[in-house]
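Reading the structure
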Amino acid sequence: MAAMMIGSVSNIILDYIFIFPLKMGIFGAAFATGLSPVISMLVLSSYFVKKRNGFHFEKSSPSAFCTDRDCFRNIITNGIPPFLTEAASGVVMFLFNFIILRLTGNTGVAAFGVITVISLVVIALYTGLSQGMQPLISRNFGLQNMENVHTLLKYSLITAFLLSALIYSVIFFNAPLFVSVFNSENDPVLRDYAIRGLRLYFTACPFIGLNIVLSTYFISINKPVPAQIISFLRSFFVLIPMAFLLSSLWEMTGIWCAYPMTELVVSTVTGFLCFRHFSSSKIPHI
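This write-up is about the structure you can find in this document.

**Quick look at a nonpolar patch on the surface**
On the surface, a cluster of nonpolar side chains totalling about 700 Å² of accessible area is made up of Val9, Ile12, Ile13, Tyr16, Ile17, Phe20 and Leu22. Tracing the chain through its elements places Ile13 in helix H1 (residues 2-19).

**Focus: the environment of Phe232**
Structurally, Phe232 is set in helix H8 (residues 224-237). Separated by 210 residues in the primary sequence, Phe232 and Leu22 have C-alpha atoms spaced 44 Å apart.

**Here's the deal with unusual backbone geometry**
Its identity is not glycine, yet Lys23 carries a phi of approximately 55°, on the positive side. Its location among the elements puts Lys23 in the loop between H1 and helix H2 (25-49). Among the residues examined, Lys23 registers a relative accessible area of 70% and is labelled exposed. Its identity is not glycine, yet Glu251 carries a phi of approximately 50°, on the positive side. Mapped onto the secondary structure, Glu251 falls in helix H9 (residues 239-279). Among the residues examined, Glu251 registers a relative accessible area of 52% and is labelled exposed.

**A closer look at the nonpolar core**
Of all hydrophobic cores here, the largest spans 60 residues; its most connected members are Phe96, Phe202, Tyr217 and Tyr259. Broken down by secondary-structure element, the contributors of at least two residues to this core are helix H3 (71-104), helix H4 (106-142), helix H5 (146-182), helix H6 (188-201), helix H7 (205-220), H8 and H9. The element that contributes the greatest number of residues to this core is H9, accounting for 13 residues.

Scoring rules and cut-offs
- Residues numbered from 1 in each chain as written.
- Predicted model: local features only at pLDDT ≥ 70, side-chain atom pairs only at ≥ 80, totals over all residues.
- Heavy atoms only, no water.
- Patch = residues over 30% accessible without salt bridge, like charges linked within 9 Å, V, L, I, M, F, W, Y side chains within 5 Å.
- Areas by Shrake-Rupley, 256 points an atom, 1.4 Å probe, with all protein chains shown as cover.
- Salt bridge = Lys/Arg side-chain N within 4 Å of Asp/Glu carboxyl O.
- Helix = DSSP H or I, 4+ residues; strand = E, 2+ residues; numbered from the N terminus.
- Buried < 20%, exposed > 50% of the residue type's maximum accessible area, 1.4 Å probe, protein only.
- Core = buried A, V, L, I, M, F, W, Y, C linked by side-chain atoms within 4.5 Å.

Taken by themselves, the reported measurements are silent on function.
Here it is as structure tokens:
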């Protein structure tokens, strides 16, 4: 945690130093971003240098930790859902920019840029929640302590919904303020697009939380297939046709609604997968 925080904060500080006092421009910003993980690694390296631990590098063959032919396949299949969760943000940005540029030109793209920046922060909050619950659920599942698994999942879902309510409330009531930060020229068209977009786009929050938490839950209990279904639907199979369909029907309003509608549709599939899982497992229904 210390390494991650120091690396991230150093990125912000070095951005300012390289861009303004040193006048390095965009290269300075990129250089600061490149140095950030290096700084984190230097902080972490003290763990190995001090040698006050039982965890260290050692020469070994893959057979030392993967004893069966399905081991690597299991690693890859469990890694696909979180990869797609991260990749979905890139897919959304590329697809929406393409459609918005065709509908409204650069002003619409600028408005979506405001939403994109805030969306990255929002997704990071849900990702942090899911990454926090994953080792706890995995450990208790490995110990076959299903009561704890159930409790941890319940608390994670409650936290996700409370977080969603907080995020959407902040965005809804402060949308004009957020937009003004990115609209220094006070363009009224940009302002109207972005404010309406923020309030519609982030109605997806409760569904995002549900889908990410439950996808991570399935990975944590070594059931990658339901997690893969959720991730594929969120990132490609529902989002792409939804974006083209709604934009053709309602133009910009359809664009803003495409993401929440996608998450809503996927959450119904997620609910069905959970119902099947809980019906066939020893974990009580939530």
